[in-house]
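A look at the structure
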Amino acid sequence: MTYIRPNFRHPDLPSNELGYTRQEYEGSLSTLCAGCGHDSVSAAIIQACYEIAVPPHKVAKISGIGCSSKTPTYFLGQSHGFNSVHGRMPSVATGANLANRDMVYIGVSGDGDTASIGLGQFGHVARRNLNMLYIVENNGCYGLTKGQDSATADVGSASKKGVPNPYESIDLCTTALQMGATFVARSFSGDKQQLVPLIKAAISHSGFAFIDVISPCVTFNNNPQSTKGYEYVREHMAATGKMDFVPVRQEITAEYEPGYAREVTLHDGSVIHLYKQGNDFNTQDRNEAVRAIQNHKEKGEILTGLIYLDPDCSDFHELQSTVKKPLRDLNEDDLCPGGRALQAINANLR
Amino acid sequence: MSEFLGLAYFAEVPAVLFDVQRAGPSTGMPTRTQQSDLFATAYASHGDTKHVLLFPSTPKECFEMGAQAFDLADRLQTPVILLTDLDLGMNDNVSEPLEWDDSRQYDRGKVFSAEQLDAMTERFGRYVDMDNDGICYRTFPGTHPKKGAFFTRGTSRDEYAVYTEDGDVYVRNMERLLRKFETAKEYVPAPEITPAAETTSEGVLFFGTSADATREALDMLSGEGIHLDAMRIRAFPFSREVEDFIANHERVFVVEQNRDGQLRKLLIIECEIDPKKLALVRHYNGMPITARNISRQIRQLKGGATVTKIRRKVG
Ligand SMILES: Cc1ncc(C[n+]2csc(CCOP(=O)(O)OP(=O)(O)O)c2C)c(N)n1
Ligand code: SF4
Ligand SMILES: [Mg+2]
């Protein structure tokens, strides 16, 4: 959205426990259309990073190509970012993560980026359980290239052009579950209450955390015939349950509402509280998660909230037994076996 | 692959690739050898793109250039592609023992540390050409809490890595990338020159696994009184020495294992050489090139059909 942001900041601006103000998690001014769902997702990322107090320079932002993939410029301006090529954010994220595990990796993609050209990469980054947050800003269309239907558009859903989509849609949460993702959630750009704690929990999860955020494209796909418009999503959302996220550092002092049904402790010691809502949804059963998504879909509902979580998984580094140090800190002594070792190799080949 | 190579060229990301060339196009003869990926790699990707190529010709050189490629990629902040082929990659080869100098240090190129960023009074710019060699300073993620963060992107950007479609800024950046490619000539392995036993106005150029066969052919030809200065090209971009070698000879034979004379054409394009000066000696049936084949073609190109072969007396 294009507007002039005032430079003035109140001297008593609140700061998080590391002393950073919320402003220090912001990025450049957005150039997206006014009302685009993607800007709300950026705001939720800013809020979540501020609240869990991750140092901005310890975050790396990676994206593919699309309106959604442009957004990393609009949050965390003090973080390194990488806007890569269409559909191949996962391979850049994999490289970066393998080179340095001491960073928080936030990947932003679109439904076109992930469900079409990037479907192969998406499957593999999920099954490798790369420690990252992977957000799809899902608007059911290719926003950047003027609104063509994407592979997540529902059968019969029509964009502004008015032609109903004839193809079966790809449900990215189901795909992520089947590919082995260890944290799967769905949310809505218009539901900050749900999205911010999900992002916080996803960042704390040590493994592949996938959030499919339905994020309407106001310019090309926000009409009454579309199943990815604001109105439709608001009216058809069903939640797995309300959740709270309690970072490890706050655990002792935090006061939380009574009556939660289940709590899950993550690797880093932070805790997710899940509240009972209607049905008692079990977030640690992959099969039930797939079934629940399908059941709601058949009822014409979109299941949102935390859908699946494996808190005890091993991430890619653990599976590969990689070196703990960032690769750039390894020197000749660490890496090079030297001339003597080479002589032994030569001798073996004689 | 080409799309990522274009991204790495434009966004200036170091990378090392090994291309074990085989007979194309497409799946071609997948178990047979060729030197036919020069075009595919030198200018891989859309837009004005150029890549650094290395041409090893022995297993030992694959090893040495492999290590060197990583230094070059970090120094030049661009992809470096090693072009070997199936002749080397799949066959058993006799090799000199591999050697390693234990005092050798890795070249990590121009990277600012937190201390250097702290000492800077001016604003850090990822694409500011501070040394005027086309190579700028980069930072690693997480280095400094306040300074040095930047956005890597395949879209055009200014010196501070901020997106722009300003034509002048775009051209300035593209010209700097050219300057960097010029700088690369000083870093890549120099060609190997072997003068002929007698003064000659003709030379021969070759690379990679055409080396042994070409040297043997030169021996055969010199026995017949045909003397050629020889140059083995080891890298692209071509350095000054390559241009001088061609300039200093009336005619140069270019030996290569592909249909279209890719090295010859690359020389013509990059060094602006009169095509008539470069005579193509080619072989591309998937089997390694032989000395007999090379010498026959050179003889023919020299009008050798009229030359009676001198037979050495046996006995
Ligand atoms: C290899 C390649 N193919 C096609 C394109 C053109 N293209 C740019 S963005 C885009 C689709 C973006 O859709 P999505 O990922 O859903 O992002 P949105 O704009 O909807 O947020 C396409 C096809 C491209 N940039 N690269
Ligand atoms: S075209 Fe659609 S997706 Fe792109 S910025 Fe505008 S509203 Fe958002
Ligand atoms: Mg989209």
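Residues numbered from 1 in each chain as written. Chains lettered and ligands numbered in written order. Predicted model: local features only at pLDDT ≥ 70, side-chain atom pairs only at ≥ 80, totals over all residues. Heavy atoms only, no water.

**Observations concerning the overall build of chain B**
Looking only at helices and strands, chain B has 10 helices and 11 strands in total. With respect to the three principal axes, the spread of C-alpha positions in chain B is 85 × 40 × 40 Å. One way to put it: in chain B the 39 positive side-chain charges average out to a point 5 Å from where the 48 negative ones average out. (Helix = DSSP H or I, 4+ residues; strand = E, 2+ residues; numbered from the N terminus. Lys, Arg positive; Asp, Glu negative; His and termini not counted. Charge placed at Lys NZ, Arg CZ, Asp CG, Glu CD.)

**Focus on the nonpolar core**
A general tendency of soluble globular proteins is for nonpolar side chains to be buried together. Within the largest apolar cluster, 40 residues are counted, with the highest numbers of intra-cluster contacts made by Leu205, Ile233, Phe238 and Leu267 of chain B. Discounting residues that sit within four places of it in the chain, Leu267 of chain B has contacts with Leu205, Ile233, Phe238, Val242, Ile246, Val254, Glu272, Ile273 and Leu278 of chain B. Val54, Leu195, Ala201 and Ala209 of chain A belong to the second-largest nonpolar core, a separate cluster that totals 38 residues. (Core = buried A, V, L, I, M, F, W, Y, C linked by side-chain atoms within 4.5 Å. Buried < 20%, exposed > 50% of the residue type's maximum accessible area, 1.4 Å probe, protein only. Contact = heavy atoms within 4.5 Å.)

**Re the side chain of Gln257 of chain B**
Residue and element names in this part refer to chain B. Tracing the backbone shows Gln257 in the loop between β10 (251–256) and α9 (262–271). By relative accessible area, Gln257 is classed as buried at 1%. Side chain to side chain, Gln257 and Thr209 meet in a polar contact 3.5 Å long. Reaching out from Gln257, the side chain makes a polar contact with the side chain of Ser210 at a distance of 3.0 Å. When near neighbours in sequence (up to four residues on either side) are disregarded, Gln257 contacts Thr33, Gln34, Gln35, Ser36, Thr209, Ser210, His283, Tyr284, Met287, Pro288 and Ile289. (Polar contact = N/O pair within 3.5 Å; in protein donor to acceptor, adjacent residues only side chain to side chain.)

**Section: the packing of helix α1 (residues 37–51) of chain A against helix α7 (residues 192–204) of chain A**
All names here are of chain A. One way to put it is that α1 packs onto α7 with a least axis distance of 9 Å and a crossing angle of 55°. Taken together, α1 and α7 sit at an angle that is classed as oblique. In this structure, α1 meets α7 at a crossing whose hand is right-handed. Contact with α1, carried on its side by Val41, Ala43, Ala44, Ile45, Gln47, Ala48, Cys49 and Glu51, involves Lys192, Leu195, Val196, Ile199, Lys200 and Ile203 of α7 and no other residues of that element. (Axes fitted to C-alpha atoms, helices over the stretch in contact; angles between N-to-C directions. Parallel < 35°, antiparallel > 145°, perpendicular 65-115°, else oblique. Left-handed = near helix turned anticlockwise from the far one by under 90°.)

**A closer look at the site of ligand 2**
Near ligand 2, the surroundings consist of Leu32, Cys33, Cys36, His38, Cys67, Asn139, Gly143, Cys217, Val218, Thr219 and Phe220 of chain A. Here the shell around ligand 2 is composed, by residue class, of 7 nonpolar, 4 polar and no charged. (Near = heavy atom within 4 Å. Nonpolar A, V, L, I, M, F, W, Y, C, P; charged D, E, K, R; others polar.)

**Some words on the site of ligand 1**
Close to ligand 1 lie 19 residues, the nearest being Cys67, Ser68, Gly112, Asp113 and Gly143 of chain A. Around ligand 1, the neighbouring residues derive from chains A and B rather than from a single chain. At 2.8 Å, a backbone N or O of Cys67 of chain A approaches an oxygen atom of ligand 1. Within the contact set of ligand 1, an oxygen atom lies 2.7 Å away from a side-chain nitrogen or oxygen of Ser68 of chain A.

**Some thoughts on the coordination of the magnesium ion (ligand 3)**
Residue and element names in this part refer to chain A. In the first shell of the magnesium ion (ligand 3), the protein supplies Asp111 (OD), Asn139 (OD1) and Cys141 (O), at 2.1 to 2.2 Å from the metal. For the magnesium ion (ligand 3), the donor residues sit on a single chain with the sequence spacing D-x27-N-x1-C. Within this pair, whereas Asp111 is found in helix α4 (residues 111–117), its partner Asn139 is found in the loop between β4 (132–138) and β5 (141–142), the two being separated by 28 residues in sequence. (Donors = N, O, S within 2.8 Å, 3.2 Å for Na, K, Ca; no water.)

**Regarding the pairing of strand β2 (residues 29–33) of chain B**
All names here are of chain B. Across 2 bridges, strand β1 (residues 15–23) lies against β2 in antiparallel orientation. Of the residues in β2, the one forming a bridge with Ala23 is Met29. Connecting the antiparallel pair β1 and β2 is a turn made up of 5 residues, with Ser26 showing a positive phi of about 55°. (Pairing = 2+ DSSP bridges.)

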